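# Remarks on the overall topology
Listed below, chain by chain, are the residues.
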Amino acid sequence: MPSFGRRSLLVGGGLLLSACSRPLASASGTAEANLPIPPLLDARQQGQVINLRVQAGKTSFYPGRPSDTLGYNGSYLGPTLRVQRGDDVKLAVANSLSADTTVHWHGLLIPGELDGGPHQVIAPGATWRPTLPIRQPAATLFYHSHVHGLTAEQVYRGLAGVLLVTDEEERGLGLPSEYGIDDLPLVIQDRQFQDGRLVVPSGMMIAMQGRRGDTILVNGAPNPLAAVPTRLVRLRLVNGSNARIYDLSFSDRRSFHWIAAEGGLLERAVELQNLTLAPGQRAEVLVDFADGRTVSLVTGPDANASMMGMMGGAGMMGSRSGAAAHSPTITVLRFAPRPMAKSGARASAPDLLVPRVRPDPAKALRRRRLVLNMGMGGMMRSRGGMAMAINGKPFDMGRIDERVRLGDMEIWEVSGQMLNHPIHIHGVHFDVLRRGGERPDLLDQGARDTILVKEPVELLIRFDQPASTAPFMYHCHILEHEDSGMMGQFTVS
Ligand code: C2O
Ligand code: CU
Ligand code: CU
C-alpha cells in the first residue's frame with residue numbers, strides 16, 4: 001500500500017471506521033484493501049507555504065511485494081493541495097531524485113514561468129520556489145511531472161497529485177466538502193503488475209498505445225473499498241492514467257449528478273448514468289448513497305480499444321492488459337455506505353450551480369488549426385520513434401509554434417489521426433464550440449482544459465495569462481504521445 005494514511009476499515013470482524021490517518025489494520029485475515037486518502041495540505045492552514053519533496057521510494061501495492069516508485073512527500077502519488085481563490089501560495093519543490101523533474105500545475109491559470117512545464121526543470125538536489133497567484137474559480141486540478149521525454153515514466157511511477165481550488169461561491173452551495181469523508185479525491189490509474197510488482201512496459205507498441213495496465217488503482221490501491229456515509233457524496237474523479245480512457249458508471253446503473261468539469265463548477269448539475277474521462281480530465285460528481293447498498297464504480301472498454309486492436313495484433317493485445325482493455329466492465333472502486341455523523345451538506349444535488357458568462361465566439365480574432373499526427377511511417381523507420389507530431393512537426397523545445405496576443409480570444413480547430421487523443425492546453429480554459437461540425441455533446445460543456453478529440457473539435461479560447469519568457473504547451477495527454485512529440489508550444493504576449 002502507498003505510504004500515506006488511510007481510513008481504517010475492517011471487513012469481517014465487524015465494520016470499523018475511523019477518519020484519522022493510520023495504517024490499515026489487518027487483524028482480520030479477510031481485511032480488504034481500503035481506499036487510501038492522500039493527506040490534505042491546506043495552504044491557509046500552513047501560512048500559504050507548501051513544501052513538496054519529489055522522492056523515490058518503495059511501494060507495496062500488494063503485501064510483501066515492494067515496487068520502485070516515485071512520489072511527493074511519500075512513496076507514490078502526493079498529498080492533496082488545497083488553495084483558495086485570491087491567495088498567493090508559496091511552493092517549495094525539492095527534487096531528491098537523481099533525475100530531472102518538473103511539477104506542472106495542470107489547470108491552474110498562471111503565467112508561463114510558474115507553469116511547471118518542460119522549461120521549469122528542477123535539477124537533482126535543486127528546489128523550485130514559485131509563488132502561485134490563485135485567481136480562478138473553485139475546481140479540481142491536478143499536478144504532475146512534465147519533464148520532457150520522461151513525463152510518461154515519471155507519472156507512471158507515481159509523480160501526480162490532486163490540487164483543489166476553493167472559493168466562497170462553492171462554499172455557498174452546501175456541497176459535500178468534508179475531505180476524505182463525503183468529499184473524496186479519486187485518482188484513477190491503470191498499471192501493469194507482475195507477481196504483485198509494478199512493471200513499466202516500454203517499446204514501440206507502448207509509444208503508440210501508451211502504457212496501459214491490467215490493474216486499476218484508485219489513489220494507489222488496487223481494488224479498493226471506500227467507506228462512505230449514507231448520504232450525498234462528492235467524488236472528484238481524476239484520470240491520472242497515462243493513456244486509458246474510462247467510461248464510468250455504477251454497477252446498478254444508478255444515476256448521479258455531474259457538477260464540475262476541469263475548469264470548475266457547471267452552470268447546472270447534469271444527471272448522467274455514464275461519464276467518459278480521458279487522461280488529464282477531471283470531473284466532480286454527486287452520488288447518493290442513502291439507500292445503504294454496496295455498489296461499485298465500473299468502467300466500460302477504452303474508447304481507443306478497437307483502434308488499438310487494428311494497430312496492434314501482438315504486443316499489448318495478447319497480454320493481460322489487452323484483456324483488461326477489452327473486457328466489458330471492470331470494477332474501479334467499491335463503495336460500502338454506512339451511517340456516519342450528520343453533516344451540514346445538502347441532501348440532494350442542487351439544480352443551479354454557478355452562473356458563468358460564456359465567452360462570445362463572435363469576439364474570436366483568429367483561427368488556428370492543430371492536427372495531431374500519428375503516422376505509421378515513422379514507426380517503421382526507427383524503433384520506438386513513432387511519427388508523433390502536431391501539424392507535421394514533432395515537439396522541439398527550441399521552436400515556438402504559435403504566438404498569441406495576451407487578452408485575445410481565438411478559435412482552435414483540433415483534429416487527430418488514428419486514435420482518440422485528449423488535447424490539453426496550458427494556461428487557459430476553453431469552451432467546446434463544435435464537435436464534428438455539429439453542436440457539442442452534453443459532456444463537452446463547461447470550462448475545460450482537456451478534451452477528447454474523437455471528432456474534430458472547435459475550441460473557443462481566451463488567453464489571459466502571459467507566457468513570453470517561458471511558453472505554454474499544448475499536447476496530447478496520452479503521455480507517451482506527448483513524450484514522443486505530439487506537443488507544441490506557444491507564447492502569449
Ligand atoms: Cu497535465 Cu501538459 O499536462
Ligand atoms: Cu497542463
Ligand atoms: Cu495522442
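In case you missed it, the structure is sitting above this.
Definitions and limits used
Residues numbered from 1 in each chain as written. Chains lettered and ligands numbered in written order. Predicted model: local features only at pLDDT ≥ 70, side-chain atom pairs only at ≥ 80, totals over all residues. Heavy atoms only, no water. Salt bridge = Lys/Arg side-chain N within 4 Å of Asp/Glu carboxyl O. Helix = DSSP H or I, 4+ residues; strand = E, 2+ residues; numbered from the N terminus. Buried < 20%, exposed > 50% of the residue type's maximum accessible area, 1.4 Å probe, protein only. Pairing = 2+ DSSP bridges. Axes fitted to C-alpha atoms, helices over the stretch in contact; angles between N-to-C directions.

This part is about the pattern of salt bridges. Enumeration according to the criterion identifies 38 salt bridges in this entry. Between arginine 231 and aspartate 182 there is a salt bridge, with the nearest N and O atoms lying 2.7 Å from each other. Here arginine 231, found in the loop between β17 (225-229) and β18 (232-239), pairs with aspartate 182, found in the loop between α2 (168-171) and β13 (183-194); they are 49 residues apart in sequence, far enough to count as distant. Taking the relative accessible area as the measure of exposure, aspartate 182 reaches 0% and is therefore buried. For glutamate 284, the salt bridge identified is with arginine 236, shortest N-O distance 3.2 Å. Of this pair, glutamate 284 sits in strand β23 (residues 282-288) while arginine 236 sits in strand β18, and the two are 48 residues apart along the sequence. For glutamate 284, a relative accessible area of 3% translates into the label buried.

Here we have five strands laid out as an open sheet, ordered β27-β26-β29-β33-β31, and mixed in their pairing. A single partner strand is all that each edge strand has here, and the edge strands are β27 (387-390) and β31 (430-435). Pairwise comparison of adjacent strand axes, ignoring direction, gives a mean angle of 20° for this sheet.

A few words on the pairing of strand β11 (residues 139-144). Within β11, six of the six residues are buried, which leaves the element mostly enclosed by the surrounding structure. Taking every second residue as pointing to the same face, both faces of β11 are buried, with Ala139, Leu141 and Tyr143 on one and Thr140, Phe142 and His144 on the other. Bridging between strand β8 (residues 104-106) and β11 involves three bridges; their strand directions are antiparallel. Bridge pairing in β11 places histidine 104 opposite histidine 144. Sheet analysis places β11 next to strand β12 (residues 160-166), joined by six bridges and oriented antiparallel.

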